[in-house]
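# Reading the structure
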Amino acid sequence: MRKASRIIIWTIVVLLFVGTFVYLFLNSREKSVNYELVSPSTGNISRTTVLTGKIEPRDEIEIKPQISGIISEINVEAGDMVRAGDVIARIKVIPEESQLSAAQSRVSTAKIVLDQARQLFDRTRGLYERKFVAREEYEQSETEYKKAVQELDAAEDALRIVREGVSSYNATESNTLVRATIDGQVLEVPVKVGTSVIQANTMNDGTTVAKVADMRNLIFRGKVDETEVGLLRTGMSTTISIGALPDVMPAAVIEYIAPKSTEENGSNTFEIKAAIEVPDSVNLRAGYSANATITLARADSVMTLPESVVEWGGDSAYVYVLTDTVPEHKFERKAISTGLSDGINIQVKGGINADDRLRGSEISGK
């Protein structure tokens with residue numbers, strides 16, 4: 001019995017020893033690694049940047065009244081087309097008490113002066129007809145009478161302007177009529193009938209009665225980072241993509257790059273404007289969110305590699321060129337000169353040949 005137990009114990013010890021030896025041996029062997037092989041190809045490389053922004057009319061005009069008062073009539077609504085001179089709204093004047101009082105006082109004074117001038121003229125005319133006064137005195141009294149008549153007319157017209165904002169001499173060009181100043185589309189009418197409005201002056205911007213813009217003359221307004229602004233210039237072409245209209249991609253040309261940056265979220269950006277070529281069949285609206293894709297640099301028909309096979313060391317780039325396949329893949333590290341990159345592929349200017357095969361990703365190991 002004891003002998004059998006000893007045999008079992010020694011058998012277990014031997015098995016543990018052999019198993020440990022085999023495990024250490026297998027783990028001490030070098031693993032064979034195979035790699036995907038990549039060959040250079042010929043293609044086009046372009047470096048682009050995408051700017052976010054929105055579509056705006058080049059000139060959005062705010063129509064403001066030339067007189068303070070209350071809106072009594074509105075003739076347009078958002079979306080209507082207007083021409084310069086069209087009446088957009090009418091204003092009812094609410095006169096200031098001081099101005100009204102001064103205008104009424106002027107009328108009263110003019111009436112008194114006119115009565116006096118009429119009496120003098122009638123008396124002088126009677127004396128002149130009886131040859132008691134000279135013709136010169138008669139003509140002088142007639143002139144004073146006519147001047148008094150004109151002064152009363154002017155005073156009454158001034159009173160009407162204060163009360164109603166309308167002159168009897170030029171009613172069609174009254175300040176109470178708010179007119180469009182350009183041809184275009186009404187974008188917004190922020191007032192209603194009964195709204196109080198004030199005219200623009202040195203102390204106030206005035207009330208906006210309507211906003212009008214030429215919607216055939218649109219621009220893209222966006223921002224570009226300071227790291228890329230040096231690569232842009234006026235006259236460069238760009239393509240506009242509109243989120244609300246995925247099938248519409250109008251062309252545009254950069255016409256303005258801000259000379260001064262603005263700080264946003266800790267980074268400096270520069271404003272750009274690009275004139276959009278609006279197709280006749282497309283109806284674009286102000287405020288659409290849009291992106292502008294700009295090609296900063298381009299190289300056509302050049303040797304390219306996937307950027308994933310390039311190894312970087314400082315300012316230098318390297319690849320591993322296949323030199324032997326037996327008994328396993330062997331590679332030689334070579335320096336290459338590179339050009340443009342689009343983030344996926346990179347231009348190779350020298351250092352390898354078109355028929356070289358390069359080390360790519362590891363595909364298996366054993």
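Residues numbered from 1 in each chain as written. Predicted model: local features only at pLDDT ≥ 70, side-chain atom pairs only at ≥ 80, totals over all residues. Heavy atoms only, no water.

Glancing now at the overall build of the protein. In terms of helices and strands, the protein carries 4 helices and 21 strands. A burial count over the protein gives 30% of its 366 residues as buried. Across the protein, every contact between residues at least 6 apart in sequence was considered, and the portion connecting residues at least 24 apart equals 72%. For the protein, the accessible area works out to roughly 23300 Å², and carbon and sulfur atoms hold 49% of it. (Helix = DSSP H or I, 4+ residues; strand = E, 2+ residues; numbered from the N terminus. Buried < 20%, exposed > 50% of the residue type's maximum accessible area, 1.4 Å probe, protein only. Contact = heavy atoms within 4.5 Å. Areas by Shrake-Rupley, 256 points an atom, 1.4 Å probe, with all protein chains shown as cover.)

Once that is clear, we can look at unusual backbone geometry. Here the phi dihedral of Lys 131 falls at roughly 70 degrees; this positive angle occurs in a residue that is not glycine. Accessibility expressed as a relative area gives 71% for Lys 131, which makes it exposed.

Let's shift gears to the environment of Asp 86. Assignment of secondary structure puts Asp 86 in the loop between strand 5 (81-82) and strand 6 (87-92). For Asp 86, the contacting residues outside a window of four places in its chain are Val 178, Arg 179 and Ala 180.

On the surface, a cluster of nonpolar side chains totalling about 310 Å² of accessible area is made up of Ile 8, Ile 12 and Leu 16. Position of Ile 8 among the secondary structure elements: in helix 1 (residues 2-28). (Patch = residues over 30% accessible without salt bridge, like charges linked within 9 Å, V, L, I, M, F, W, Y side chains within 5 Å. Salt bridge = Lys/Arg side-chain N within 4 Å of Asp/Glu carboxyl O.)

On to the pattern of salt bridges, then. A complete count under the given rule lists 17 salt bridges for this structure. For Asp 280, the salt bridge goes to Arg 216, with nearest N and O atoms at 3.5 Å. With Asp 280 in the loop between strand 15 (267-276) and strand 16 (289-306) and Arg 216 in the loop between strand 10 (210-213) and strand 11 (218-225), the pair connects residues that are 64 residues apart, well separated along the chain. Judged by relative accessible area, Asp 280 falls into the exposed class, the value being 75%. Note on Arg 216: relative accessible area 43%, which makes it partly exposed. Note that Asp 300 and Arg 298 form a salt bridge whose closest N and O atoms lie 2.9 Å from each other.

In this section: the sheet that holds strand 6. In a beta sheet, neighbouring strands pair by backbone hydrogen bonds and run either parallel or antiparallel. The strand order across the open sheet built from 4 strands is 7-6-4-9, with neighbouring strands paired in antiparallel fashion. Strands at the two margins of the open sheet, each flanked by one partner only, are strand 7 (177-179) and strand 9 (196-197). Examined bridge by bridge, strand 6 and strand 7 share 3 bridges and lie antiparallel to one another. Residue Val 87 lies in a different strand from strand 7, and its bridge partner there is Arg 179. (Pairing = 2+ DSSP bridges.)

Time to look at the environment of Glu 60. When you line up the elements, Glu 60 lands in strand 3 (residues 60-63). For the pair Glu 60 and Gly 184, spaced 124 residues apart in the sequence, the C-alpha separation amounts to 9.5 Å. Ignoring sequence-local partners within four residues, the contact set of Glu 60 consists of Leu 187, Lys 211, Val 212 and Ala 213.

So, about the packing of aromatic side chains. Applying the stated criterion across every chain yields a total of 3 aromatic pairs. Summarising the aromatic geometry, the rings of Phe 121 and Tyr 145 are spaced 5.5 Å apart at their centres and angled 5 degrees between planes, so their arrangement reads as stacked. You can see Phe 121 sitting in helix 2 (residues 97-129) and its partner Tyr 145 sitting in helix 3 (residues 135-164), a full 24 residues away along the chain. Of the residues examined, Phe 121 reaches a relative accessible area of 8% and is grouped as buried. Judged by its relative accessible area of 22%, Tyr 145 is partly exposed. Aromatic ring contacts, followed pair by pair, group Phe 121, Tyr 128, Tyr 138 and Tyr 145 into a single cluster. It is Lys 273 that lies over the ring of Tyr 256; its NZ or CZ is 5.1 Å from the centre. Above the plane of the ring of Tyr 318 lies Arg 333, whose end atom (NZ or CZ) is 3.7 Å from the centre. (Phe/Tyr/Trp six-rings, centres within 6.5 Å; stacked < 30°, edge-to-face > 60°. Lys NZ or Arg CZ within 6 Å of the ring centre and 35° of its normal.)

In short, the description is geometric, and any link to function would need to be established separately.
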